[in-house]
Amino acid sequence: MAKHGKTKVELNKMNDIELIQKSSVEVANHPKLSFILFLILGITAFAFYYHTIFNEYALDDAMLITQNEFTLKGFDGIKDHLTHDFIYGFRHKEADDAASSHWRPLSLITVSVEIGLWGAGHPHRSHLFNVLLFVSIVLLLFYFLYQQLKIDKWVSFFSVLLFAIHPIHTEVVANIKGRDELMALFFVLLSVVFLWKFVTSKKFVFYPISVLLFFIALTAKEAPIVFCVGFPVILYFFTELKFPAIFKLTLGYILATGILFFIKNIYAPFENVEVSNELMNNPFLLATGFLEPLCTKIYVMLLYLQKLLYPYPLSFDYSYHQIEYKSMNDAMVYVSMLVYGLIAAVGLWQLKQKTILSFAIMMFFITISISSNLLVDIGMVMGERLMFVPSIFFMMILVVVGKMGIDFLNNKFRINKWIVTVLLIIPVFSVSAYITINRNLEWKDDITLNIADFKKCPNSARIANGAGTSYIQLSAQKNVSKSTKDSLLKQAIICFNQSLKIHPTFDDAFLNRGVAYSRIDSLSKAEADWDMVRQHANHPKFVEFNRFLALEYLKYGLACGNRRSLDSSINYLQKAVKYATANDSVTVECFYNLGGAFYTANKFEEAKIAFTKVMNLNPNFKDAKLGLAASDFALNKK
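Every chain begins its residue count from 1, and numbering advances along the sequence as written. This being a predicted model, a pLDDT of at least 70 is required before a residue's local features are given, and a value of 80 or more before pairs of side-chain atoms are given or counted; all residues contribute to the totals for chains, interfaces and linings. Hydrogens and waters are ignored; side-chain quantities use all the structure's heavy atoms.

**Student:** So what's going on with the overall build of the protein chain? Residues and values would help.
**Tutor:** On a plain count of helices and strands, the protein chain comes out with 29 helices and zero strands. The size measure is the radius of gyration over C-alpha atoms, and the globule rule it meets is 2.2 Å times the number of residues to the 0.38 power. A globule of 638 residues ought to have a C-alpha radius of gyration of about 26 Å, yet the protein chain, at 32 Å, is considerably larger. Oriented by its inertia axes, the alpha-carbon framework of the protein chain measures out at about 140 × 50 × 50 Å. Reported accessibility uses the Shrake-Rupley method at a 1.4 Å probe radius. Residues are deemed covered only where the shown protein chains occlude them. With an accessible surface of roughly 31,100 Å², the protein chain has 63% of that area assigned to carbon and sulfur atoms. His residues and chain termini do not enter the charge count, which takes Lys and Arg as positive and Asp and Glu as negative. Lysine's charge is taken at NZ, arginine's at CZ, aspartate's at CG and glutamate's at CD. For the protein chain, the separation between the mean place of its 61 positive charges and that of its 51 negative charges on side chains is 6 Å. Starting at the N terminus, helices and strands are each numbered in turn, a helix being any DSSP run of H or I of at least four residues and a strand any DSSP run of E of at least two.

In C-alpha cells form, the structure reads like this:
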C-alpha cells in the first residue's frame, strides 16, 4: 500500500462521490424539477385553503361588503370607492379616526365587480378568488426568489413552502376582507419582478410598469410603503449597483407613495382624524406614561416571534385586555429586546458579505417595522394578518439557519442531508396542516369564529362581546326549543358579563346584553343596560330598542288594564309613550291607550292631553276623537 498515494479502492470511492455530487447538481438544475417544485407549491397552497371556499361572510365583511352601500351597487359603486374613504359606504360619514381614515379602493372594487357580475350574496366566489390569489402569490414569490434573485433552489423552495403552509395566514386568506393584504403583496411582488427585469435587461419600459404596480399595491393597503426601503435593500444584496444608482431607482416608488398620500388627503383627509376615546379603537388609552405603552409594544414583538414559530392559539383579536400592559419590571420585555438585538446583530455582522441570512434579517425588520407599533401607532395592539409579509423573510431565516445546521451535521457526522430534511419537514407540514385546516373551519362564519376564539382568548372584551352576540343569533334560529333558547341566552349574558368585567364602559356589550335580557323577559334589566349607553350617546340602535320597549310596555299596560290594575296600567303606558318616539302607528296606539287608562281613572285632563296627541298624529282616528270629546265633556261637567 502506498504511503502518500491513494489506493485504487479509495480513488474509486472518490470518483463515485464526485459523480454523485455532479449528478445531484444536474438534477437540481434540471428544468423539469423546477416545474415540479412550482407544481408542489401551487397544489399545497390550494390544498391548505380550498375548504375556505365553502365559508360564509365573517367579521369586517359586513362593514366592507354585506352592509356597504357602495360595494352592493356593483359596477356603479366603483366610482364611490375611488372618491371616499374605505368604509364610507358603511358609516355614511367621513372618516374621523385612525381606524377608518384610509383610502383603500382596490380590494373593494374587486368585490364590487363580483357583485356586478353575479349579484350580491355569493361569498363562496369571493373566497375562491382569495384562495387563487394566495396560490398566485406563492408561485410568484418562488419565481422571484429562485428564477430572478438566483437564491439557492432548495432555500427558495422550502422558504416559500413554509410560507404557504403557515397557519398564521388563515386570517388573511380565509377572511374575504383579507384580500387587501393579498392584493398588496401580489402587486408588490409583480412590481419587484418588473424592477428586476429592468435592472437585468436595461429596458426602461419595465421601470414605469414596476412603479405603477407599486402604486396599485398601495391602493390596496398602505403597508407596502416599507418597500421604499425594501427595494433598495434587494438591489444592494443582489446587484453591483452603487448607492447613487439605487437611490435614483427608489425615487419612482417614493413619488408613487407621495401621489397616494396626496389622493388620500383629498378623500380621507388627515385633519379629520382624531384620537379615539374608545378603548376598543385606542388600545393604549389606559396605559400610563411613556414606558408602559412602549414596553407593551416591545413585548408584543416577542409574541409575534412566538406565533411565527408556534402559531397556536390563533385569534382574530388581541385588543384590551387580552394582552396586559407591560412595564420595565417585566422580564419578557428584556427577553424581547435581547432576542431582536441578537437577530439584528447577526444581520449587521454579515451585511458586507451580502449573505442570504443577512438579507432575510434586514427584510424581516423592514417589513415588520410598521406592524411593530414602534414607528407608527396603527390603532391596534397585535394582529396575525400583520405578519403576512414579514413571515416570508422569517421563514427564509429559519430555512437558512436550518440548512447551516444540516450542513454541519453532514460534514461532522456524514448524516444524509435529505433524511434530516425529511425528518424535519414532515412533522412541520403535518402540524401546520392540522392547525390551518381547523382554523379555516373556525372562520366559517361570525358565530363559529366568535365562539371558538372566546374559548381561546377569554380576556378580550371584543371577543367576549362577539361570542355573546353569536349566542343570541343561535337562540334566534328556527326550530330552537324554548329551553335551548333560554340556555343560549344565559350563555350570551355570561359572555357580556365577561366583556363588561374587562371593559366596564363598553357600549356594545351593554347594548347587546340588553338584547339578551329582553329575550328572556327581563325588561327592566334590558332597559337599564340600554340606559347606561343612552346617558352619553345617541346610538342608532335606539330606534329599534325604543320601538321594542314601547311595544312591550304597551303590552304590559293593556294586560294590567284588563285586570283593572289602573295604576300599574298607567305606569306601563307612560313608559310606552316615553319610548314611542317614531310618530308611527305604535306611537298612536300607545297614546290612545294611555288616554283611555287616564279616562277610566277619572284623570280627564291627562286623558285630554293624550287624546290630543293622537289627533295631532292621526286626525282620522275616530275613537281618539270620541275620547277627546268625552274628556272635554267630563272636564266641562266639573
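**Student:** Could you give an account of the environment of M332, naming the residues involved and the relevant values?
**Tutor:** Within the secondary structure, M332 sits in helix α16 (residues 331-349). Relative accessibility under 20% of the residue-type maximum defines a buried residue, over 50% an exposed one, and the middle range a partly exposed one, all with a 1.4 Å probe and only protein chains included. Residue M332 is classed as partly exposed on the basis of its relative accessible area of 37%. Counting along the chain gives 229 residues from M332 to W103, while the straight-line C-alpha distance between them is 37 Å. Should any heavy atoms of two residues lie within 4.5 Å, those residues are considered in contact. Setting aside chain neighbours within four positions, we find M332 in contact with Y299 and L302.

**Student:** Quick one: what's the story with the environment of V346, residue by residue and with numbers?
**Tutor:** If you trace the backbone, V346 turns up in helix α16. On the basis of relative accessible area, V346 is assigned to the partly exposed category, the value being 30%. For the pair V346 and M362, spaced 16 residues apart in the sequence, the C-alpha separation amounts to 9.9 Å. The contacts of V346, once residues within four sequence positions are left out, are L357 and I361.

**Student:** How would you summarise the packing of aromatic side chains if you had to cite specific residues and measurements?
**Tutor:** Two rings from Phe, Tyr or Trp (for Trp, the six-membered ring) form a pair when their centres are within 6.5 Å of each other. A pair whose planes differ by under 30 degrees is stacked, one over 60 is edge-to-face, and the rest are tilted. Per the stated rule, a full pass over the model turns up 45 aromatic pairs. Ring geometry for F38 against F142: centres 4.9 Å apart, planes inclined by 75 degrees, an arrangement best described as edge-to-face. Here F38, found in helix α2 (residues 31-49), pairs with F142, found in helix α8 (residues 123-148); they are 104 residues apart in sequence, far enough to count as distant. We note that F38, like F142, is buried. Aromatic side chains F70 and Y88 sit 5.8 Å apart centroid to centroid with 10 degrees between the ring planes, which places their arrangement in the stacked category. Here F70, found in helix α4 (residues 69-72), pairs with Y88, found in helix α6 (residues 88-91); they are 18 residues apart in sequence, far enough to count as distant. Here a set of aromatic residues connected by ring pairs shows up, and it is made of F38, F142, Y146, W154, F157, F158 and W418. The rule is short: NZ of Lys or CZ of Arg within 6 Å of the ring centre and within 35 degrees of the ring normal puts a charge over the ring. A cation over a ring is seen here: R104 above F86, with NZ or CZ 5.3 Å from the ring centre.

**Student:** Before we move on, can you summarise empty space enclosed by the protein with the specific residues and values?
**Tutor:** The distinction between a cavity and a pocket rests on a 1 Å grid over the protein atoms alone: a 1.4 Å probe fits inside a cavity but cannot get out, while a pocket stays open yet meets protein on both sides within 12 Å along at least five of seven lines, and a residue with an atom within 4 Å of a point counts as lining. Grid points are joined across faces, edges and corners, and a volume is the space filled by probe spheres set on the points. This structure, assessed with the given rule, holds five cavities of 30 Å³ or more. Here the largest cavity is characterised by a volume of approximately 100 Å³. Around the largest cavity sit L141, F144, L145, L185, V188, L189, V192, F227, F231, I234, I392 and F393, which together line it. Going through the elements one at a time, α8, α11 (179-201), α13 (227-238) and α18 (390-413) are the ones with two or more residues in the lining of the largest cavity.

**Student:** Tell me about α11, and please be specific about residues and values.
**Tutor:** Between its first and last C-alpha atoms α11 spans 32 Å; for 23 residues at 1.5 Å apiece the expected length is 33 Å, and the two agree. Of all 23 residues making up α11, 19 are buried, and the element is well covered by its neighbours. Taken from the residues just after α11, K202 is the one with a positive phi, measuring 65 degrees. Here, expected helix span is obtained from the residue count minus one, scaled by 1.5 Å.

**Student:** Give me the lowdown on a nonpolar patch on the surface, citing residues and values where you can.
**Tutor:** Together, F35, I36, L39, I40 and I43 make up a nonpolar patch on the protein surface, roughly 480 Å² of accessible area in all. Structurally, the position occupied by L39 is in helix α2. To count toward a patch, a residue needs a relative accessible area above 30% and no salt bridge. Like charges then connect within 9 Å, nonpolar side chains (Val, Leu, Ile, Met, Phe, Trp, Tyr) within 5 Å. Salt bridge, as used here, is a side-chain nitrogen of Lys or Arg placed within 4 Å of a carboxyl oxygen of Asp or Glu.

**Student:** Talk me through the nonpolar core; I want residue IDs and the actual numbers.
**Tutor:** In terms of nonpolar packing, the biggest core is built from 180 residues, with F134, F163, F231, I234, F359, F364 and F388 touching the most fellow members. In terms of residue count, the dominant contributor to this core is α11 (15 residues). When neighbours within four sequence positions are excluded, F364 is seen to be in contact with L305, L308, Y340, P390, F393, F394 and I397. By size, the runner-up hydrophobic cluster in this structure holds ten residues, among which are Y57, M63, F86 and V111. Definition of nonpolar core: a set of buried residues of the types Ala, Val, Leu, Ile, Met, Phe, Trp, Tyr and Cys, connected through side-chain atoms within 4.5 Å.

**Student:** Which residues make up unusual backbone geometry, and what values do they have?
**Tutor:** Here the bond from Y312 into P313 is cis, since omega is -5 degrees, no more than 30 degrees from zero. Tracing the backbone shows P313 in the loop between α15 (291-309) and α16. At the junction of Y320 and H321, the peptide bond is cis and its omega measures out at 5 degrees in the coordinates. The residue H321 is located in the loop between α15 and α16 in this model. Here the phi dihedral of K150 falls at roughly 65 degrees; this positive angle occurs in a residue that is not glycine. Along the chain, K150 turns up in the loop between α8 and α9 (153-165).

**Student:** Let's hear about the packing of α9 against α18: which residues, and what values?
**Tutor:** Angular values range over 0 to 180 degrees, each being the angle between N-to-C directions of two axes fitted as lines to C-alpha atoms, with helices fitted over their stretch in contact. Interaxial distance between α9 and α18 falls to 8 Å at its minimum, and their mutual angle equals 130 degrees. Taken together, the axes of α9 and α18 are oblique relative to one another. Between α9 and α18 the crossing geometry is right-handed. Between α9 and α18, the contacting residues are W154, V155, F158, S159, L162 and F163 on the first element and S391, I392, M395, M396, V399, V400 and K403 on the second. By the convention adopted, Pro, Cys, Tyr, Trp, Phe, Met, Ile, Leu, Val and Ala count as nonpolar, Lys, Arg, Asp and Glu as charged, and the other residues, Gly among them, as polar. Partitioning the contact of α9 with α18 into residue classes produces ten nonpolar, two polar and one charged. Angle categories: roughly parallel below 35 degrees, roughly antiparallel above 145, roughly perpendicular from 65 to 115, and oblique for all the rest. In this scheme the crossing of two helices becomes right-handed for a clockwise turn of the near helix relative to the far one and left-handed for an anticlockwise turn of less than a right angle.

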